[in-house]
Amino acid sequence: MTIDYVLINKENRDQFLCVFPAFLKANGNRVSLGAVNEDGEILGGISFTFANFRYDIDWLYVEEAARRQGVGAGLVRQVIKFANNTGEIYPIACRFDVSDTDKELHSFFISLDEMEVDYSHERYYITTKDVVASKLTKMEPKKGSIGAEAFFDKPKGFQENVLRFLEKNHDYSVFDYDEWKDECVPELCKCVISHNELVGSIFILQTGENKFDISFVYSRNPKALALLLGSVAKELEEKYPDAELSYETVSSESEVLSEHLFSHARSEHIYEAVY
């Protein structure tokens, strides 16, 4: 079988929706490739981004009838070729879940000679009901005291200062502000300000229909965390009652979420592989 690789762009994207879902937004730092055979049949697709001086493969799909014929490996090698052709040496990483539904994908990546697993952690899944039921969200701010505010209602200069602070002190990096903002859910991105200083923030991105990612949580104290979650819980209950949210244990705040607030959350182990 002859396989050709096609750059997916705005003009041909609709043709590849079977392998490249619409919720993966095309933007300046994302590259997506499709695989087709000699008859023009679409076989699969891969998508990756460049941020923080590395490439991240965050989507790979091969049509069931085309699997075990070298399509997936060929797509991965196209990413490696793309990275090598830039003239810069940056790592290429792929993150994938180990769960009952993803064992086949896990086995595929493990089988590639180019792959080496160098980092792993947990991803947790909760629902709107879990957030609303949390005891911490029941803490109401006293009249006249500080509360959680909509982050994107703040002046852009303030937002940029917050992002610089989080990047410098907590390794939360935003590669392109406009693209990041476009992926955020405005009503679910909150901040807590006290005496003109940031004491808490939460950013939630939409990853699919009724699916959201708690991208980052920062709080100086339990009160700030309670204010953030309480405000988010109200928005979720009103606008996204059937939402599923996921988050990773990459900060002390996210560890609090998994260990104390949502100890019964469904979890999956995530491997990060570097080529």
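So, here's what we can say about the structure. (Residues numbered from 1 in each chain as written. Predicted model: local features only at pLDDT ≥ 70, side-chain atom pairs only at ≥ 80, totals over all residues. Heavy atoms only, no water.)

Concerning the overall build of the protein
- Check the secondary structure of the protein and you find 7 helices and 12 strands.
- Looking at the 275 residues of the protein, the share that counts as buried comes to 46%.
- On the protein, roughly 15,000 Å² of surface is accessible, and the fraction owed to carbon and sulfur atoms is 48%. (Helix = DSSP H or I, 4+ residues; strand = E, 2+ residues; numbered from the N terminus. Buried < 20%, exposed > 50% of the residue type's maximum accessible area, 1.4 Å probe, protein only. Areas by Shrake-Rupley, 256 points an atom, 1.4 Å probe, with all protein chains shown as cover.)

Some points on the pattern of salt bridges
- One pass over the full model with this rule turns up 5 salt bridges.
- The residue arginine 220 makes a salt bridge to glutamate 197 at a minimum N-O spacing of 3.3 Å. Within this pair, whereas arginine 220 is found in the loop between strand S10 (211–219) and helix H6 (222–239), its partner glutamate 197 is found in strand S9 (residues 197–208), the two being separated by 23 residues in sequence.
- Salt-bridge contacts for glutamate 244 lead to lysine 211; the nearest nitrogen and oxygen are separated by 3.2 Å. Of this pair, glutamate 244 sits in strand S11 (residues 244–248) while lysine 211 sits in strand S10; the two residues are 33 residues apart in sequence, bridging distant segments of the chain.
- Exposure remark for glutamate 244: the relative accessible area of 24% places this residue in the partly exposed category. (Salt bridge = Lys/Arg side-chain N within 4 Å of Asp/Glu carboxyl O.)

Some remarks on helix H1 (residues 71–85)
- Across its 15 residues, H1 extends 21 Å between first and last C-alpha, which sits within 8% of the 21 Å expected from 1.5 Å per residue.
- Restricting attention to buried positions, one finds in H1 the residues Val71, Gly72, Ala73, Gly74, Leu75, Val76, Val79, Ile80 and Ala83.
- Remark: glycine 87 follows H1 within two positions and exhibits a positive phi of approximately 85 degrees. (Expected span 1.5 Å × (residues − 1).)

Side note on the packing of aromatic side chains
- Applying the stated criterion across every chain, the model contains 15 aromatic pairs.
- Ring centres 6.4 Å apart and planes at 50 degrees place the aromatic pair phenylalanine 151 and phenylalanine 158 in the tilted group.
- Overall, the relative accessible area of 0% leaves phenylalanine 151 in the buried class.
- Residue classification places phenylalanine 158 among the partly exposed positions, given a relative accessible area of 21%.
- Within the aromatic cluster, the residues linked to one another by ring pairs are Phe151, Phe152, Phe158, Tyr172, Tyr177, Trp180, Phe203 and Phe216. (Phe/Tyr/Trp six-rings, centres within 6.5 Å; stacked < 30°, edge-to-face > 60°.)

Thoughts on the pairing of S9
- By the criterion of burial, S9 is predominantly enclosed, with 9 of the 12 residues buried.
- Of the pairings in the sheet, the one linking strand S8 (residues 190–194) to S9 comprises 5 bridges and is antiparallel in character. In the strand pairing of S9, lysine 190 is matched with isoleucine 202.
- Hairpin geometry of S8 and S9 is characterised by an intervening segment of 2 residues between the two adjacent antiparallel strands and by a positive phi of about 55 degrees at histidine 195.
- Sheet analysis places S9 next to S10, joined by 8 bridges and oriented antiparallel. Residue pairing across strands places isoleucine 202 opposite valine 217, the latter belonging to S10.
- Connecting S9 to the next strand, S10, in antiparallel fashion are 2 residues, including asparagine 210 with a positive phi near 60 degrees. (Pairing = 2+ DSSP bridges.)

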